Every structure is written in structure tokens, then in C-alpha cells.
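# Overview (structure and organization)
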2 protein chains.
Amino acid sequence: MTSDAQPGATETEPSLGFQHHDHRACVDHALGAVEARCAEEGLRFTPVRRKVLELLLKEHKAMGAYAILDELREAGFGSQPPVAYRALDFLVDNGFVHKIERLNAFVACAHPGESHAPAFMICRVCDAVAEAHSAPAKGALGAAARAAGFQIERTVVEAEGVCPACAEKAEG
Amino acid sequence: MTSDAQPGATETEPSLGFQHHDHRACVDHALGAVEARCAEEGLRFTPVRRKVLELLLKEHKAMGAYAILDELREAGFGSQPPVAYRALDFLVDNGFVHKIERLNAFVACAHPGESHAPAFMICRVCDAVAEAHSAPAKGALGAAARAAGFQIERTVVEAEGVCPACAEKAEG
DNA sequence: CGGTGGAATGTTATAAGATCACATGGGGGT
DNA sequence: ACCCCCATGTGATCTTATAACATTCCACCG
């Protein structure tokens, strides 16, 4: 298993955990990766879509569609909900952004380009979200699905709890 | 369709394991179990709460809060959203009903009384929902959480795909 | 170069989901 | 009987999401 990169190292490494990292590099890296991927696959990485992804990368946390919409308005894009939802649909469909069902909110993917079944850890105190990998189809759920004849196409795996920072504050 | 339903049997519907079953017995059993559990623990299993659970058990599928509210209204209960949401809160808090985050909807628990980390299989064609057990903290997610210092309190595990019945129809 | 068609964007309106705040009622425990 | 807590009822409001339709952009073909 990948023992995680130590905090403080040269992190173009996206936030796997709740650690600090070189955020500008992280944003640039992700934007670049998405741009490349769109070029490769003939997807149109338009200004609204780019702007939404940028916002999510910069904020580095889960944002509601309407918070995103506010920023789009300020940036001179359309200000009606479909503008945000359509951009988000595109980004989600292509795996550049994930929806956190539990929060009805969205986060930039921490591993753009890699195909993956994401799992999330959501801090119920500060709402921070960290992305991890999951393999739900390999465990009890996969077995149940096979037994039932259910074809899994997509999984939502979200763990709610307390992140290290908030746990520390609570104790302190 | 329900080709192997027994003639004349009480309603047997496709369902929770995506299988057919004696639904009246299933409802009665679950209601009894919940009633017993409430008595045991000093919880107030009031008429609204009972009605909501009954509805969910009878329908045997995921229902939105407003669909539930409609039925409450018809049954002579209050007709404002908080009526439904409060009953649902009670049922969810006590594990008698689960919320399907992906659908913003609710299903009766298939294993009332057993403490469990539920996982769900959701058919994207017919919206049928089956409950299974999961052990998300034991797999990759659990490892990631430990590595990150994240304390998991609760998990949402939902698989989206195609149920056997719908798969069969599609191949048709 | 001009036309054409599909995708993307913009806008209005409305549906669906969830919560706040406050008033009322019912049942135990002293 | 009284009080208090909990549950219920109600109105208003807030957030999240989609339907429907007009307009614009752009790649592609002739």
C-alpha cells in the first residue's frame, strides 16, 4: 500500500489526506491533467467548465452548486442554476469532479486521469473532504451483488467522521 | 414480470433482495421487531412514526419525503414537511429506516434490530433498492482512514447499477 | 466562403428536498 | 393538580435541482 507522502515533501501530490501541501502546484497539476485529457478525448474544456474546476481546485473543499454559481456570476458567466449544473455535469461525467451525495456538494477529483472508484472521508465538524480509493465490489457488497445478480456500474462510498485536525481541537 | 409469483398469495412483490417473497409476513415481522425494540428501549413508537414505517415497509421501495407526506395527509396526519421529516428522523436515528443519499429517499431497514453498516444496491432503471451488509472500514477505505488519522463514525455505501429483472428485460 | 447541424450557453420558471420558528397538545412523574 | 418534556401541527422560508425554450458558438461539409 502507498504509505502516504510526508507532509512538507514536494507535493504535486494531491491531497490524499487532510494534510497541507503546495496548493498552487496541486491546482496547476490538476488543471493541466484535465486539459490534456480533454484534448486527448475531444472533450470541450470550455471557459465555464474550466472556471468551475478551477474554483473547486482552489477552494479545495466541497462546494454547493449555488456557491459555485455565485462565483460564476461574479466572473461574468450566466447566473442561473443550469449554468452551474451543466458545467458540473460535464465535470462529473468525465470524472474530473465528484459529487458528495451526503453533502449535496462537489469536490475536484484528487486523481484526475486515473480511473478509479473514489471513496470519501467527510469531517462532520469542518466539512473537509478527503478522497481515497475504494474497492467496494471486492468485499461484502460485491459478494451480495453477485449473489443477487445485480450489475454494479458505479459506487458511492462516503465515510462520515472527524478529521485529525478537528479531533485534536476537540481534545485540546 | 412477476412470473413466479404464487397464484393467490398475498402480494408478493419484487424487492429487497430483488427476489419475491411473502410481503405481508415481511411487513408484519418488521413492524413487530421495531415495536419490540421500542418497548425495550423506552422509545415512543407513536402513530405517525408507525404509519411512516408501515408505508415504507408496504411500498418496499425508496420513497421521497414528500411522497410519504402525501400519504400522511391522506391518513389524516399533519400535512406539512416537518411532520414527515421528524418521523423519518426518529426512524433513521434508531436504525429502522435508512436514507438513500443517492436518491434523497428513504427505505425501511431490511434487518431491524441487528446493528449493521448497511450497503445498498440501487437499480437505475426501476429504482428498486436492495439492502446488503458492508464492512467498508475493513477494506481500502479503512486503511486510508487509519493512515490519515480519520475517525469513521458512519458510512454511506450505495452501488448503482441494474437489477436482475431489468437486465433481463433489456436483453429481452 | 457560406451554410448547416449539433453542442454549449443563457434565461425564465418551477419542481423537489429540507429546515426554522413558534404554537398546541398529551402523558408521565412529583 | 401541576409541571415539564416531548411530540405534533402549521406557516414560512431556504436550498438544491430540473424543465423548457431561445440563442450563440463552432466544427465540418460542400
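Reading guide: rules and limits
Residues numbered from 1 in each chain as written. Chains lettered and ligands numbered in written order. Predicted model: local features only at pLDDT ≥ 70, side-chain atom pairs only at ≥ 80, totals over all residues. Heavy atoms only, no water. Least-squares fit on C-alpha atoms with pLDDT ≥ 70 in both. Contact = heavy atoms within 4.5 Å. Buried area = accessible area lost by both parts, 1.4 Å probe. Salt bridge = Lys/Arg side-chain N within 4 Å of Asp/Glu carboxyl O. Polar contact = N/O pair within 3.5 Å; in protein donor to acceptor, adjacent residues only side chain to side chain. Helix = DSSP H or I, 4+ residues; strand = E, 2+ residues; numbered from the N terminus. Nonpolar A, V, L, I, M, F, W, Y, C, P; charged D, E, K, R; others polar. Pairing = 2+ DSSP bridges. Near = heavy atom within 4 Å. Buried < 20%, exposed > 50% of the residue type's maximum accessible area, 1.4 Å probe, protein only. Arc of directions from axis to C-beta. Axes fitted to C-alpha atoms, helices over the stretch in contact; angles between N-to-C directions.

As a further point, take the relation of the copies chain A and chain B. Aligned on chain B, chain A shows an RMSD of 0.1 Å; the corresponding rotation is 179 degrees and the shift along the axis is 0.0 Å. Accordingly, the operation relating the two chain copies is best matched by a two-fold axis. Across chain A, the smallest distance between a C-alpha and the rotation axis is recorded for Val157 of chain A, namely 2.3 Å. When the interface residues of chain A are mapped onto chain B, 97% of them again lie at the interface, so the same face is used by both copies.

Here we come to the interface of chain A and chain B. Counting residues at the interface gives 36 residues for chain A and 36 residues for chain B. Taking both sides of the interface into account, the surface hidden between chain A and chain B amounts to around 2900 Å²; carbon and sulfur atoms contribute 60%. The largest share of the area that chain A buries against chain B comes from Met121, Leu141 and Phe150 of chain A, three residues that together contribute 20% of it. Of the charged contacts in the structure, one is a salt bridge between Glu160 of chain A and Arg154 of chain B, with a shortest N-O distance of 3.6 Å. Our enumeration of links across chain A and chain B arrives at twelve residue pairs in polar contact (both at pLDDT 80 or more). Mapped onto the side of chain A that touches chain B, the elements with two or more residues apiece are strand S3 (118-123), strand S4 (129-133), helix H5 (140-148), strand S5 (151-162) and helix H6 (164-171) of chain A. Per element, the largest residue contribution to the side of chain A that touches chain B is twelve residues, and it comes from S5 of chain A. Within the side of chain A that touches chain B, the residues separate by chemical class into 20 nonpolar, eight polar and eight charged. Of the pairings in the sheet, the one linking S5 of chain A to strand S5 (residues 151-162) of chain B comprises eleven bridges and is antiparallel in character.

The next point concerns the protein's contact with DNA strand D. Neighbouring DNA strand D are 17 residues; Tyr66, Tyr85 and Lys99 of chain A together with Thr46 and Arg86 of chain B lie closest to it. Interatomic distance of 3.3 Å between a side-chain N/O atom of Arg49 of chain B and a sugar or linking oxygen of DNA strand D. Each residue belonging to the surface near DNA strand D can be placed in one class, and the counts come to seven nonpolar, five polar and five charged.

Take H5 of chain A next. Those residues of H5 of chain A not exposed but buried are Leu141, Gly142, Ala145 and Ala148 of chain A. Here the buried residues of H5 of chain A occupy an arc of 135 degrees about the axis, which is enough to place them on one side. Turned more than 90 degrees away from the buried face of H5 of chain A sit Arg146 and Ala147 of chain A, all of them exposed. Against the buried residues of H5 of chain A lie S5 of chain A together with strand S3 (118-123), strand S4 (129-133), S5 and helix H6 (164-171) of chain B. Looking one or two residues beyond H5 of chain A, the residue adopting positive phi is Gly149 of chain A, at roughly 80 degrees.

The next point concerns the sheet that holds S3 of chain A. On the basis of which strands lie adjacent, the open sheet formed by six strands has the order S4(A)-S3(A)-S5(A)-S5(B)-S3(B)-S4(B) and mixed pairing. Strand pairing shows two members of the sheet lacking a second neighbour, S4 of chain A together with S4 of chain B, which therefore form its edges. Recorded for the sheet is a direction-independent mean angle of 25 degrees between the axes of neighbouring strands. Note: S3 of chain A against S5 of chain A, four bridges, orientation parallel. Looking at the pairing, Phe120 of chain A lines up with Glu158 of chain A of S5 of chain A. Contacts from H5 of chain A reach S5 of chain A together with S3, S4 and S5 of chain B within the one sheet, and its direction differs from that of S3 of chain B by about 40 degrees.

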